[in-house]
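Geometric and topological summary
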Amino acid sequence: MAKHKIAVIGVGKIAVDQHLPVIDKSRDFEVAATVSGRGVQHRDLPVFKTAAELYAAMPEVKLVAICTPPGVRHAYVREAIDAGKHVLMEKPPTPTISELDDLVAYAKKKKRILFQTWHSRYNEAVDATRKILKKNGLRTARIDWRESVRKWHPGQDWVWEPGGFGVCDPGINALSIFTKVVPFPVFVEKAHLKFPANRQTPVDVEIVFKSAEAHQPQMSAGFNWLEESGEIWTIRFETLKGDELKLEKGGTVLRINGNVTIENPSEEYEQIYAHFAKLLRKGKSEVSDAPLRLVADAFLLGARENVEEFHW
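Here is a short report on the structure shown in this document.

Calculation notes
- Residues numbered from 1 in each chain as written.
- Predicted model: local features only at pLDDT ≥ 70, side-chain atom pairs only at ≥ 80, totals over all residues.
- Heavy atoms only, no water.
- Helix = DSSP H or I, 4+ residues; strand = E, 2+ residues; numbered from the N terminus.
- Rg over C-alpha atoms; globule rule 2.2 N^0.38 Å.
- Contact = heavy atoms within 4.5 Å.
- Lys, Arg positive; Asp, Glu negative; His and termini not counted.
- Charge placed at Lys NZ, Arg CZ, Asp CG, Glu CD.
- Axes fitted to C-alpha atoms, helices over the stretch in contact; angles between N-to-C directions.
- Parallel < 35°, antiparallel > 145°, perpendicular 65-115°, else oblique.
- Left-handed = near helix turned anticlockwise from the far one by under 90°.
- Phe/Tyr/Trp six-rings, centres within 6.5 Å; stacked < 30°, edge-to-face > 60°.
- Buried < 20%, exposed > 50% of the residue type's maximum accessible area, 1.4 Å probe, protein only.

Side note on the overall build of the chain
In terms of helices and strands, the chain carries nine helices and 15 strands. Computed over C-alpha atoms, the radius of gyration of the chain comes to 20 Å, within 12% of the 20 Å expected from 2.2 N^0.38 for 312 residues, which places it in the range of a compact globule. By its C-alpha atoms, the chain is 60 × 45 × 35 Å across when sized along the principal axes. Sequence separation of at least 24 residues holds for 69% of the intrachain contacts in the chain that already meet a minimum separation of 6. Counting 44 positive and 41 negative side-chain charges, the chain places the averaged centre of each group 6 Å from the other.

In structure tokens form, the structure reads like this:
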């Protein structure tokens, strides 16, 4: 079968590191063009300054992957849907729940497929954890998600602006796993957010969760963006049977009672595009808003503390 032609809109670090190389080796998709205000070109393929230029010049391209910062995502997705395109969105989807709800409704109205990606969910270890927790229950959960903003978002000031999420940009990856594997609804009970004095988004966040479960499992999360010793992307669970499950390396490794039971290389984006191909075949959209809702609630309920300034 012929591959789907897809254009990538927004050619920043995540598009260069993940989307473009993954599409290049995909059996389902091929890159047709890029849209980049900075004129970033992929191989010798066409590059356009605006999405409107792409849609006018290449109407045969029916799919777009939108990898812009979330603050402008709503307008770009609506524009793509109006142009008759099916849309894959990088995470976080939008800066507000209201905008995401509108996109879901608009895609349905226009009969376009909308796929919200949560790349950290696409791992065998995550699926195995979900099954175990569904069977054996959950007593405690602790998320520790620490990394360096200088490494993963070098010089990208948008992450520090309103709507840029701050440390919740990587933290929402942990919440995408958390909301997939926990077998009941989870809510934010309280949060503590530390903001650099010269920035508009947090650099460190601590969240306590709650649920309606009778046994009241203890659940919390800590995100930090100044970890220079290497990434710590870990979620620890204790089941009601007393077993310890530990997801490590962003959900690619599962330890049960200290023993590694699953360890795979990260192929999250490969799995995203394989899943997008399935959605296209089925003609179905897929959008999960649970991770975004938890982040929004943390901002709503969180106590704010100003800390030392951040400079690149």
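And the narrative resumes.
Remarks on the packing of helix H1 (residues 13–24) against helix H8 (residues 268–282)
Helices that pack against each other are described as a pair by the angle of their axes relative to one another and the distance between those axes. Two elements in contact, H1 and H8, have axes whose closest approach is 9 Å; the angle formed by their N-to-C orientations is 55 degrees. By the angle between their axes, H1 is oblique relative to H8. Classified by chirality, the crossing of H8 by H1 is right-handed. Each of Ile-14, Gln-18, His-19, Val-22 and Ile-23 in H1 lies in contact with H8, whose residues at this interface are Tyr-269, Glu-270 and Tyr-273.

Things to note about the packing of aromatic side chains
Summed over the entire model, instances satisfying the criterion amount to nine aromatic pairs. Ring centres of Phe-115 and Phe-276 lie 5.9 Å apart, and the angle between their planes is 20 degrees; on these two criteria the pair is classed as stacked. Remark: Phe-276 occurs in helix H8 and Phe-115 occurs in strand S6 (residues 114–116); sequence separation between them is 161 residues. Using a relative accessible area of 0% as the deciding quantity, one classes Phe-115 as buried. Assessed through its relative accessible area of 0%, Phe-276 is described here as buried.

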